[in-house]
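Okay, here's what each chain looks like letter by letter:
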Amino acid sequence: MAKMEKLALVFLLLLGTSALFVKCDDLDEDEATKEPEDEEAASTEGATNKHGVVEEEDVMVLTSATFDKVIDSEDIILVEFYAPWCGHCKNLAPKYASAAKTLKEHDPPIPLAKVDATENEDLGTRFEVTGYPTLKFFKNGQAFDYEGGRTEFEIVNYMKERADPLWRPPPDAVITLTSDNFTEVVNREDLILVEFYAPWCGHCKRLAPQYEKAAKSLKAHDPPIPLAKVDATVSTDLAKEYGVTGYPTLKIFRKGRVSEYKGEREERGIVGYMIQHQGEAAKQLDSDKAVRNYMSDDDISIVAFFGSTDDPRLQIYKDAANDMRDDFNFAFTLSSEARNRYKVNPGSVVVFNAERCYTKYEPKWHILNKDELTSEDISEFVKAHQVPLVGTYDSSTERRYSTMKPLCFVFYTVDWSFDGREATQIWRRKIADIAKDYKNEIHFVIANEESHEPLIKDFQFEESGEEMNIGILDEKQKKYRMEPFEDFDADEIREFLDNFKKGKIDPIIKSQPVPKKQGPVITVVGKTFDKIVRDNSKDVLIEFYAPWCGHCKSLEPKYKQLAKKYKSEKQLVIAKMDATANDVPDDFKVEGFPTIYFVRSGDSKPVKYEEGREVEDFSKYLEENASSLGKKTKEEL
C-alpha cells in the first residue's frame, strides 16, 4: 500500500510540473519576460499617500480641493506656493524635494507640500501670495510666514525647530493701541508709525504680514522705532480725530505731533522710510557761513530765520518740514548775521531759487513772514515756489512736475558740466524769454534728450535729428508735438504754444497697428480705444495686460472661453489691450497686470473688475451688470 501511495505522489508531481510548463507556454512573450514589480516603485513619483493626494519626489501636490483636508490633519506642514514658469521656483525645487525626503524620515515625519498658485488662484489670494515662491508653514492649522533659508539644510533645521511641541510663535512686534492708551504712547515716543485699520478690510489684511515684518526689523534697529495699530472700527473717536476716511490709513507721530506717512507699504519700504524719518527734518545752521554753504546750486533751498528757539513759529516750521521732508530739504538758523545778509525779519521762511536757475524775470528768493504762521501756510508757500520759470527735468525733479500741467518739454543736450554749462544756459535763457509770456498757463522745463529716451520716443522725436525738439504734456497725459525745426525761431515756438492753448493741435496717440482681423476677444489699440471702449451703445469688459505677465498668460484661455460664450451677444464686447504698447486713458488706471475694467452701455465711467477670474465668475458679473444681458433676461422672463 505504501508503494502505491508513493507512485501516486510522483505521478501528481509530474502532472503539476507539466501544467506549469503549459501555463508558461500560454503567456504572451512580453508578459513572460516581465520583471516582478518592485515594491519601492509603488511609492515613486505620482503615487498617492495616506491623504489620497499625489506626491512628486516626496512633496505632496495640493489643490484647492485637497488643501484644507491635508492642512487640518497635519500637526505641522510646510507649503510652497509656486508658479511653473518661475525661475526661482525651479531653482528651489531640487532642494525642496531633498528636504522633503529627509523630513519624511523624521520622527514624527514632517510633510512638505506645494501648490501651483497659478492654477489654484483662490489659495494664492487667501494666503496673500504676491510673489513666487512663497513658503508658509502651518502649525495646528494656523499659517505662519516661513522666514528661514532656502537650502536643504536650512529648510530641514527650520522645520525641526518649529515641530518641537514646546515651540511657540513670538509675540506680535506691532503694538496694539486703543482709546485708553493711544495718547500716552504716541506722546511718549520720539517717532512711531500708527496704522488705522478695519478687521474686514482686504487691503489691511494684505498689509498685515508686511507691517509685522517691518515692526520686527525696526524693533531691532538702534534706536528702535515702534510700529502700532488701531482698530478704527472700535476706537472710532481716534479715527474721527485723525481724519481717517479709508483703510488702512498710516500716520507718523513725533511726541504726539502727527504727519502723513507717504512711503511704500511693504516691509523694506516701511523700514527704509521710517529710518529716514528719524530726527527732525529741519537742520539747524549755526552761522552765516553755514547758511551760505547750505545753498544748493541746482535746487531750491528752504531756510527759516528765527531770533530764538522760544519763537513758537519754529516748532510750526519743524512740523511742516517733517511733513514735506520726502520732497524738500529744510534748514533754520538763529544767526543775526545771516538775517542781515538776506534782509529778512525774525520768523521769516525763505525759498531760495537754485543759483543756476536765476533769470531776470523772477526774484532770487521768496519771503514768507506772518505773525500767525501755520503748517499749511508754509506748505502752500513752498509748493508755490518749488520750481523756477524754466527748470531742469531730471530724476530729482520729475515728481515735483507730476502735478504741473500743461508742461512744455524742451529737449536738447543739457550739460551742466564746466564745459557744457554755458551752451546749456544760452538755450535756457532763450526759452525763458518765451516762458515769461505764459506764466501761470504753461510750465517749462529743459530736458537732456540723451537721458529721456522713453519721452523722446513717446513724443516721436526718435528720427528728428534736430538740435532741439519741443513737446507738451497736458493734464490728461496727452502729448502734443511741435514739428522739428532746423533753426531756433521764437515766433514759431510761440505760434505752437498759442495753437495748443486754442486746441488747434491734435495729440499724439501711442498705438500698435490697428488689427486687420479680430478673434473672439477684440484687440483694442490706442487708435481704436475711444471707438470700441467708449461706444455708449455697448457693454465692454476690457483687460489691460502685459505680454510678459504670467498671470495674464494664465488668464488668456479663460478669457477667450468667456468671449466665445458671449460671441452671439452683439451689444457685449470682451476686449483686451497691451498696456505696454498703447496709451491708456487716465480714467482707466493700470497699476498691475492684468487689470480689468467694465464699462456699462450708456455710462462712460469705467468700473474696476475685482471679482474672481474663472469663466463662471466673469459670467456671473456680466449677467448682473451688463445692461444688454439684463435686458435679454427680462425679455425672457
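Everything below is about the structure printed above this text.
Residues numbered from 1 in each chain as written. Predicted model: local features only at pLDDT ≥ 70, side-chain atom pairs only at ≥ 80, totals over all residues. Heavy atoms only, no water.

A. Looking closely at the overall build of the chain. In terms of regular secondary structure, the chain is built from 22 helices and 26 strands. Summarising its shape, the C-alpha atoms of the chain cover approximately 140 × 65 × 65 Å along the three principal directions. Counting all 637 residues of the chain, 43% fall into the buried class. Residue pairs at least 24 apart in sequence account for 69% of intrachain contacts in the chain once pairs closer than 6 positions are excluded. Surface exposure of the chain reaches about 35900 Å², of which carbon and sulfur atoms provide 49%. (Helix = DSSP H or I, 4+ residues; strand = E, 2+ residues; numbered from the N terminus. Buried < 20%, exposed > 50% of the residue type's maximum accessible area, 1.4 Å probe, protein only. Contact = heavy atoms within 4.5 Å. Areas by Shrake-Rupley, 256 points an atom, 1.4 Å probe, with all protein chains shown as cover.)

B. Geometry of the sheet that holds strand β7 (residues 175-177). Across the sheet, five strands lie side by side as β7-β9-β8-β10-β11; this open sheet has mixed pairing. Because the sheet does not close on itself, it has two edges, and the strands there are β7 and β11 (257-260). Neighbouring strand axes in the sheet, compared pairwise and without regard to direction, differ in orientation by 35 degrees on average. For strand β10 (residues 249-254) and β11, the ladder comprises four bridges, and the chain directions are antiparallel. Note on β11: the bridge partner recorded for Lys-251 is Glu-260. (Pairing = 2+ DSSP bridges. Axes fitted to C-alpha atoms, helices over the stretch in contact; angles between N-to-C directions.)

C. Structural detail: empty space enclosed by the protein. Per the counting criterion, the structure on display carries one cavity of 30 Å³ or more. By volume, the largest cavity amounts to about 110 Å³. Along its surface, the largest cavity is lined by 14 residues, and Asp-298, Asp-299, Gln-386, Pro-388 and Thr-397 are the ones closest to its centre. Sorting the residues of the lining of the largest cavity by element identifies β17 (390-392) and α15 (398-401) as the ones contributing at least two each. Partitioned by chemical class, the residues of the lining of the largest cavity number six nonpolar, five polar and three charged. (1 Å grid on protein atoms, 1.4 Å probe; cavity = no way out; pocket = protein on both sides within 12 Å on 5 of 7 lines; lining within 4 Å. Points joined across faces, edges and corners; volume = space filled by probe spheres on them. Nonpolar A, V, L, I, M, F, W, Y, C, P; charged D, E, K, R; others polar.)

D. Geometry of the pattern of salt bridges. If you walk through the whole model with that rule in mind, you get 28 salt bridges. Note that Asp-311 and Arg-313 form a salt bridge whose closest N and O atoms lie 3.0 Å from each other. Residue Asp-311 shares its accessibility class with Arg-313, and that shared class is buried. With its nearest N and O atoms 3.1 Å apart, the salt bridge here joins Glu-614 to Lys-558. Of this pair, Glu-614 sits in the loop between β26 (607-608) and α21 (615-625) while Lys-558 sits in helix α20 (residues 550-565), placing them 56 residues apart in sequence. Taking the relative accessible area as the measure of exposure, Glu-614 reaches 31% and is therefore partly exposed. (Salt bridge = Lys/Arg side-chain N within 4 Å of Asp/Glu carboxyl O.)

E. Spotlight on the side chain of Gln-386. For Gln-386, the location among the structural elements is in the loop between α14 (375-384) and β17. Its relative accessible area of 10% is what places Gln-386 among the buried residues. Beyond its immediate chain neighbours, meaning those up to four positions away, Gln-386 contacts Ile-300, Phe-328, Arg-400 and Met-404.

F. Geometry of helix α10 (residues 267-276). Listing the buried residues of α10 in full gives Gly-269, Ile-270, Val-271, Tyr-273 and Met-274. As for α10, its buried residues are in contact with β8 (192-197), α8 (202-219), β9 (227-231), β10 and β11. Two or three places before Arg-268, at the start of α10, stands the capping residue Glu-266, its side-chain oxygen 3.0 Å from that residue's backbone nitrogen. (Polar contact = N/O pair within 3.5 Å; in protein donor to acceptor, adjacent residues only side chain to side chain.)

G. Local environment of the layout of surface pockets. The computed volume of the largest pocket comes to approximately 2100 Å³. Contributing to the lining of the largest pocket are 47 residues, with Thr-125, Glu-128, Val-129, Thr-130 and Arg-206 lying nearest its centre. Of the residues forming the lining of the largest pocket, the biggest block, eight residues, is contributed by α8. By residue class, the composition of the lining of the largest pocket is 15 nonpolar, twelve polar and 20 charged.

H. Summary view of the packing of helix α4 (residues 87-104) against helix α6 (residues 152-163). Two numbers describe how α4 lies on α6: the axes approach to 8 Å, and their chain directions differ by 45 degrees. With respect to α6, the axis of α4 lies oblique. Like other packed secondary-structure pairs, α4 and α6 cross with a definite hand, here right-handed. Between α4 and α6, the residues in contact are Leu-92, Lys-95, Tyr-96, Ser-98, Ala-99, Thr-102 and Leu-103 and Glu-152, Ile-155, Val-156, Met-159 and Lys-160, respectively. For the contact of α4 with α6, the per-class residue count stands at seven nonpolar, two polar and three charged. (Parallel < 35°, antiparallel > 145°, perpendicular 65-115°, else oblique. Left-handed = near helix turned anticlockwise from the far one by under 90°.)

I. Expanded view of the sheet that holds strand β21 (residues 479-481). Spatially, the five strands line up as an open sheet ordered β17-β19-β18-β20-β21, and their pairing is mixed. Looking at strand neighbours, the two that pair on one side only are β17 and β21, the edges of this open sheet. Between one strand axis and the next, the sheet turns through 30 degrees on average, direction left out of account. Both strand β18 (residues 407-412) and strand β19 (residues 443-448) contribute to a ladder of six bridges, which runs parallel. Within β19, the position partnered with Val-410 by the bridge is Ile-446. Across the face of the sheet, helix α18 (residues 490-501) comes into contact with β18, β19, β20 (469-473) and β21 while running at roughly 15 degrees to β20.

J. Geometry of the packing of aromatic side chains. Across all of its chains, the model carries 44 aromatic pairs by this definition. Clustering of aromatic rings is evident, with ring pairs tying together Tyr-393, Tyr-401, Phe-409, Phe-411, Phe-459 and Phe-461. Its guanidinium or amino end placed over the ring of Tyr-158, Arg-162 lies 3.6 Å from that ring's centre, counting from NZ or CZ. (Phe/Tyr/Trp six-rings, centres within 6.5 Å; stacked < 30°, edge-to-face > 60°. Lys NZ or Arg CZ within 6 Å of the ring centre and 35° of its normal.)

Take it as geometry only, folks, not as evidence of what the structure does.
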